[in-house]
Amino acid sequence: MTHRSPTPSPPHPSFPRQAAVEEQLMFLLGYAVMAPSGHNTQPWQFSVHDASVWLYVDPARTLPALDPGGRERIMSCGAALFHFRIAMRHVGITPEVEWFPDRDEEDAAVHMQDVEKGRKALARISMGSPMEPTLADETLFSAIQRRRTHREAFEDATVPTSDLNQLEDAAASEGANLEVLSDADQRSRLLDLAIRANEDMLADADVRRELAEWTASASDDAGVPGSTRGWSRWQTLSAGWLQALPGLGPDPWHRETATIRNAPVLAVLTTTDDNVAAWLRAGQALDHVLLRATSYGLGASFLNQPVKVSRLRQDVRSLCGDDAWPQIVLRMGVATTQAPRSGRRPIPIRKD
Ligand SMILES: Cc1cc2nc3c(=O)[nH]c(=O)nc-3n(C[C@H](O)[C@H](O)[C@H](O)COP(=O)(O)O)c2cc1C
């Protein structure tokens, strides 16, 4: 397989180097919002003051049926944080990141509830000392523009072990673990869990309604357009009407099952804890893995259903080791086509 050679680029030509810090930070946020997010909800908000970006959860962008605990919402914010860090390094500035910066509560649990509800910040990112971006930084930065969630089949080609090792290193560098399942029995157990979980989830009318809302009714700036699933305009429209009715919707899953079974790589991203800090870490690790995979010409798609259904998450745990908390399941391989780009809303700035 051919690796795209990293493109060392000169410091970003349009970065407004002479402008005020706030303007520079807004420029860099343009890259943060290109991050992946659950159902393209883009559940982040920012505040730019005191020469820093403050990252918050957007409480208006929730998925009560698909992500009731808000775990994937925090992970999505973590992915935006990683994009932002890479963009800042690309323009030659060290990102200084403080997690949960405005902690003024006596009670840590109360503080975390405020963070999850978007009342307190997840992170503050300031501009540190000048630095020379490394080749790895530049490779990741150039992957930001090309990365997409790839939901189609992958080429029937083996992914080199050296690439997989690099992806594992990417996750480890963010404090998470990427477990690549190579054993046929493990793979088959995970796929069975994914199919069972999907059936469980689709039996829930609220889940179907939420899927329809974020898929078939995707707008230009949010949601998952049917085209990214290979659907025609008609299939997308009918998915909207029918997904809300039990058993009648065009079942994209059936089409996807064969694709999933043939996935060259199945991997589970895990953390040792399962709390807001772990999810923020997992989101950054996920994004690091996805950008590095993109730089190797690999595509990735999500297979999270068994992690969403708590009773099945326990089974995924036992596949990965009982002291690991599965956060995301990925299907990866050599991408044959470039998936369509999904939309993004304008950078959401808080009014406070
Ligand atoms: C935490 C997280 C969970 C996700 N879960 C799923 C999923 O279960 N199924 C899926 O098809 N895509 C999933 N995605 C991918 C998003 O749908 C995708 O990032 C979004 O639509 C934007 O498209 P893009 O990744 O091509 O930019 C997930 C992304 C994140 C960050």
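Note: the structure precedes this text.
Presented here is a report on the structure given in the accompanying data block. All figures in this text were calculated on a predicted structure; none of them were measured in a lab.

1. Description of the overall build of the protein
- The number of helices and strands found in the protein is twelve helices and eight strands.
- When the accessible surface of the protein is totalled, it reaches about 15,300 Å², and 51% of it is carbon and sulfur.

2. A look at the site of the ligand
- Residues in close proximity to the ligand total 20 residues, the closest being Arg147, Thr149, Arg151, Asn304 and Arg344.
- Between an oxygen atom of the ligand and a main-chain N or O atom of Ser37, the distance comes to 3.2 Å.
- Interatomic distance of 2.9 Å between a side-chain N/O atom of Asn304 and a nitrogen atom of the ligand.
- Tallying contributions element by element places helix H2 (residues 71-90) first for the shell around the ligand, with three residues.
- Broken down by class, the residue content of the shell around the ligand amounts to six nonpolar, eight polar and six charged.

3. Some remarks on the nonpolar core
- Judged by nonpolar contacts, the single largest core of 66 residues is most densely connected at Phe84, Leu122, Leu167 and Leu269.
- A per-element tally of this core places H2 first, with eleven residues.
- For this core, the two domains that each supply at least three residues are domain 1 (21-146) and domain 2 (161-334).
- Ignoring sequence-local partners within four residues, the contact set of Leu269 consists of Met75, Ala171, Ala176, Asn177, Leu178, Ala282, Ala285, Leu286, Trp325, Pro326, Gln327 and Ile328.

4. Overview of the pairing of strand E7 (residues 298-302)
- Among the five residues that make up E7, four are buried, leaving the element largely enclosed by the rest of the structure.
- The pairing of E7 with strand E8 (residues 325-334) spans five bridges and is antiparallel. Note on E8: the bridge partner recorded for Ala300 is Met332.

5. Examining the packing of helix H6 (residues 184-202) against helix H12 (residues 310-320)
- With their axes 10 Å apart at the nearest point, H6 and H12 run at an angle of 170° to one another. Classified by the interaxial angle, the pair formed by H6 and H12 is roughly antiparallel. Residues Gln186, Arg189, Leu190, Leu193, Arg196, Ala197 and Asp200 of H6 lie in contact with H12, whose contacting residues are Arg311, Leu312, Asp315, Val316, Ser318 and Leu319.
- Partitioned by chemical class, the residues of the contact of H6 with H12 number six nonpolar, two polar and five charged.

6. Notes on the environment of Leu81
- The residue Leu81 is located in helix H2 in this model.
- Aside from chain neighbours lying at most four places away, what touches Leu81 is Leu55, Val97, Ala123, Ile125, Leu280 and Gln284.

7. Some points on the pattern of salt bridges
- Tallying each qualifying case throughout the model produces twelve salt bridges.
- Note that Glu174 and Arg85 form a salt bridge whose closest N and O atoms lie 2.9 Å from each other. Note that Glu174 is positioned in the loop between helix H5 (161-173) and strand E5 (177-180) and Arg85 in helix H2, a separation of 89 residues in sequence.
- For Glu174, a relative accessible area of 12% translates into the label buried.
- With a shortest N-O distance of 2.2 Å, Arg311 and Asp200 are connected by a salt bridge. Taken together, the positions of Arg311 in helix H12 and Asp200 in helix H6 put the pair 111 residues apart, joining distant regions of the chain.
- Judged by its relative accessible area of 33%, Asp200 is partly exposed.
- Residues joined in a network through salt bridges with shared partners are Arg71, Glu72 and Lys308.

8. Quick word on the environment of Pro348
- Tracing the backbone through its elements, the reader meets Pro348 in the segment after E8.
- Judged by relative accessible area, Pro348 falls into the buried class, the value being 9%.
- Between the alpha carbons of Pro348 and Trp44 there is a distance of 7.4 Å; along the sequence they are 304 residues apart.
- Setting aside chain neighbours within four positions, we find Pro348 in contact with Val33, Trp44, Gln45 and Phe46.

9. Concerning unusual backbone geometry
- Although it is not a glycine, His39 adopts a positive phi angle of roughly 50°.
- Inspection of the secondary structure puts His39 in the loop between helix H1 (21-32) and strand E1 (44-49).
- One non-glycine residue with positive phi stands out, namely Phe100, at about 45°.
- One can find Phe100 in the loop between strand E3 (93-99) and helix H3 (108-116).

10. What to know about the side chain of Arg350
- Along the chain, the position of Arg350 falls in the segment after E8.
- Taking relative accessible area as the criterion, Arg350 reaches 16% and is therefore assigned buried.
- The contacts of Arg350, once residues within four sequence positions are left out, are Gln45, Phe46, Ser47, Tyr56, Gly118 and Arg119.

So, how was this worked out
- Residues numbered from 1 in each chain as written.
- Predicted model: local features only at pLDDT ≥ 70, side-chain atom pairs only at ≥ 80, totals over all residues.
- Heavy atoms only, no water.
- Helix = DSSP H or I, 4+ residues; strand = E, 2+ residues; numbered from the N terminus.
- Areas by Shrake-Rupley, 256 points an atom, 1.4 Å probe, with all protein chains shown as cover.
- Near = heavy atom within 4 Å.
- Polar contact = N/O pair within 3.5 Å; in protein donor to acceptor, adjacent residues only side chain to side chain.
- Nonpolar A, V, L, I, M, F, W, Y, C, P; charged D, E, K, R; others polar.
- Core = buried A, V, L, I, M, F, W, Y, C linked by side-chain atoms within 4.5 Å.
- Buried < 20%, exposed > 50% of the residue type's maximum accessible area, 1.4 Å probe, protein only.
- Domains from an automatic or database assignment.
- Contact = heavy atoms within 4.5 Å.
- Pairing = 2+ DSSP bridges.
- Axes fitted to C-alpha atoms, helices over the stretch in contact; angles between N-to-C directions.
- Parallel < 35°, antiparallel > 145°, perpendicular 65-115°, else oblique.
- Salt bridge = Lys/Arg side-chain N within 4 Å of Asp/Glu carboxyl O.

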